[in-house]
Amino acid sequence: MKPIRLTNHAREQARERGATETEVREAVSKGSREPAKRGRELCRYNFAYGKLWQGQRYAIKQVAPVIKEEANELVVITVYTFYF
């Protein structure tokens, strides 16, 4: 697998949305992929969570980075998180 690089924007969005860089990298390497805008891909990976997020308890945290595959690396453009 190609090296994974997070943009500064992706790092900021991950932090604001409750995902760690380790979770983002795992979502890219292990997650399911689907097409996104501009030739990019959205990766989805569910993590057992069982904690509070913004005052509510959730069992699952889904980390969903948007990536662009370059010749020598996978670039994470932004990161979404969903709580269930």
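Source: prediction; values computed, not measured.

1. Points about the overall build of the chain
Part 1 of the reasoning: For the chain, the count of helices and strands is 2 helices and 5 strands.
Part 2 of the reasoning: Ordering the α and β elements of the chain from the N terminus gives β-α-α-β-β-β-β.
Part 3 of the reasoning: In terms of overall size, the chain behaves like a compact globule, its C-alpha atoms giving a radius of gyration of 13 Å where 84 residues would be expected to give roughly 12 Å.
Part 4 of the reasoning: In terms of overall dimensions, the chain has a C-alpha envelope of 40 × 25 × 20 Å along the principal axes.

2. Things to note about the sheet that holds strand β5 (residues 74-83)
Part 1 of the reasoning: Spatial strand order, β1-β5-β4-β3-β2: 5 strands in an open sheet with mixed pairing. Each of the sheet's edge strands pairs with one partner strand only, and the pair in question is β1 (4-6) and β2 (32-35). The mean angle between the axes of side-by-side strands here comes to 40°, regardless of whether they run parallel or antiparallel.
Part 2 of the reasoning: Summarising the sheet, strand β3 (residues 41-53) and strand β4 (residues 56-69) pair through 9 bridges and their orientation is antiparallel. Counted as the bridge partner of Y45 is V63 from β4.
Part 3 of the reasoning: Strands in contact with helix α1 (residues 8-16) are β1, β3 and β5; relative to β5, the strand with the most contacts, it is inclined by about 15°.
Part 4 of the reasoning: Packing of helix α2 (residues 21-30) onto the sheet brings it into contact with β1, β2, β3, β4 and β5, and relative to β4 it is tilted by some 65°.

3. As for the packing of aromatic side chains
Part 1 of the reasoning: In this structure the tally under the stated criterion is 4 aromatic pairs.
Part 2 of the reasoning: Considering the side-chain rings of Y45 and F47, the 5.0 Å spacing of their centres and the 75° angle between planes classify their relative orientation as edge-to-face.
Part 3 of the reasoning: With a relative accessible area of 11%, F47 lands in the buried category.
Part 4 of the reasoning: With a centroid separation of 5.0 Å and 10° between ring planes, the pair formed by W53 and Y83 is classed as stacked.

Thresholds applied
- Once a new chain begins, its residue numbering starts again from 1 and follows that chain's sequence as written.
- With the structure being a predicted model, the display of local features is reserved for residues of pLDDT at least 70 and the display and counting of side-chain atom pairs for 80 or more, all residues being used for whole-chain, interface and lining totals.
- In computing side-chain properties, one takes all heavy atoms of the structure into account and sets aside hydrogens as well as water.
- Secondary structure is summarised from DSSP: a helix means a run of H or I of at least four residues, a strand means a run of E of at least two, and numbering begins at the N terminus for each.
- A radius of gyration in this sense is built from C-alpha atoms; the matching globule rule multiplies 2.2 Å by the number of residues raised to 0.38.
- For two strands to be treated as a pair, DSSP must find at least two bridges joining them.
- To obtain each axis, a line is fitted to C-alpha atoms, and for helices this fit is confined to the stretch in contact; angles are then taken between N-to-C directions over 0 to 180 degrees.
- Here, two residues are considered to be in contact whenever any of their heavy atoms come within 4.5 Å of each other.
- Any two of the Phe, Tyr and Trp rings considered here, Trp counted by its six-membered ring, make a pair once their centres fall within 6.5 Å; the pair's planes then place it as stacked at under 30 degrees, edge-to-face at over 60, or tilted in between.
- Each residue is placed in one exposure class: buried if its accessible area under a 1.4 Å probe, protein chains only, is under 20% of its type's maximum, exposed if it is over 50%, and partly exposed if it falls in between.

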